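# Summary of the model geometry
One-letter residues, chain by chain:
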Amino acid sequence: VNTDRSVGARISGAIAKQYGNLGLASNLNLEFVGAAGQSFGAFNINGMNLALVGEANDYIGKGMNGGSISIKPKPDCIFHPADNAIIGNTCLYGATGGYLFVNGRGGERYGVRNSGAKAVVEGAGDHCCEYMTGGVVVVLGTTGRNVGAGMTGGIAYFLDIDGKFKERLSQEMLKVQRVCTASGENQLKELIQSSFENTGSSRAQDILTNWSSYLPKFWQVVPPSEQNS
């Protein structure tokens, strides 16, 4: 059990000190079991991959600029991951790169100020993708209200399970459309495939197995900077 904050940040700092901001040319794979404290994987660097079996608190991947973080529940968990939060609030705050894959739901302000990370989660609370300026976020489930408030960049994909997604979307500047291009479909499918490979998510597996049925249920949220691109 990790009761400390910012696990991974010290290692990322040591790697950056020796190898620079580009990180490792190879991979350093670290595995954790239990409950992670605040800021798990903060400032994660290229070449460092953190895999957690359990759950984690707020600010996962804060400021991360590379590598990957994957989180999944223990094999003997008695709940359905896609219906329960296993990570806290404000994940990916200020992230500039890297990947985050979560087999379960996230809390509020998921992806806030994300400017480069790519991530898959199975649901989120209020204010998802708030002030996002870059990167790609995929949500395989419902969200709370005010999705994309202040979002000026990046791309987000949402699986509209209950048919009410557009009611939760901030309508300030965003364009919402179905996934209508081959490049968008490929981007979405590849990220879901990566999430399945990293977490074993049953929801991701079901979507991939029944792709033609699920694809029409996704919305693509596009801010002004990405329109016409």
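Described in the following lines is the structure provided in the data block. (Residues numbered from 1 in each chain as written. Predicted model: local features only at pLDDT ≥ 70, side-chain atom pairs only at ≥ 80, totals over all residues. Heavy atoms only, no water.)

### Observations regarding the environment of Val 102
- Examined against the element boundaries, Val 102 turns out to sit in strand 4 (residues 97-102).
- Excluding its chain neighbours within four sequence positions, the residues that come into contact with Val 102 are Ile 71, Ile 86, Ile 87, Val 120, Val 121, Glu 122 and Thr 199. (Helix = DSSP H or I, 4+ residues; strand = E, 2+ residues; numbered from the N terminus. Contact = heavy atoms within 4.5 Å.)

### Structural notes on the packing of helix 3 (residues 182-199) against helix 4 (residues 202-209)
- The geometry of helix 3 relative to helix 4 is characterised by a closest axis approach of 8 Å and an angle of 140 degrees between their N-to-C directions. As summarised for this structure, helix 3 and helix 4 are arranged oblique, according to the angle between their axes. Like other packed secondary-structure pairs, helix 3 and helix 4 cross with a definite hand, here left-handed. Contacts from Lys 189, Ile 192, Gln 193 and Phe 196 of helix 3 reach helix 4 at Ala 204, Gln 205, Ile 207 and Leu 208. (Axes fitted to C-alpha atoms, helices over the stretch in contact; angles between N-to-C directions. Parallel < 35°, antiparallel > 145°, perpendicular 65-115°, else oblique. Left-handed = near helix turned anticlockwise from the far one by under 90°.)

### Focus: the pattern of salt bridges
- Applying the stated criterion across every chain, the model contains 3 salt bridges.
- For the salt bridge of Arg 109 with Glu 130, the shortest nitrogen-to-oxygen distance reads 2.5 Å. In this pair, Arg 109 sits in the loop between strand 4 and strand 5 (115-121) while Glu 130 sits in the loop between strand 5 and strand 6 (133-139), placing the two residues 21 residues apart along the sequence.
- Between Arg 168 and Asp 162 there is a salt bridge; the shortest N-O distance is 2.6 Å.
- With relative accessibility at 34%, the residue Asp 162 sits in the partly exposed group. (Salt bridge = Lys/Arg side-chain N within 4 Å of Asp/Glu carboxyl O. Buried < 20%, exposed > 50% of the residue type's maximum accessible area, 1.4 Å probe, protein only.)

Geometry only, nothing functional implied.
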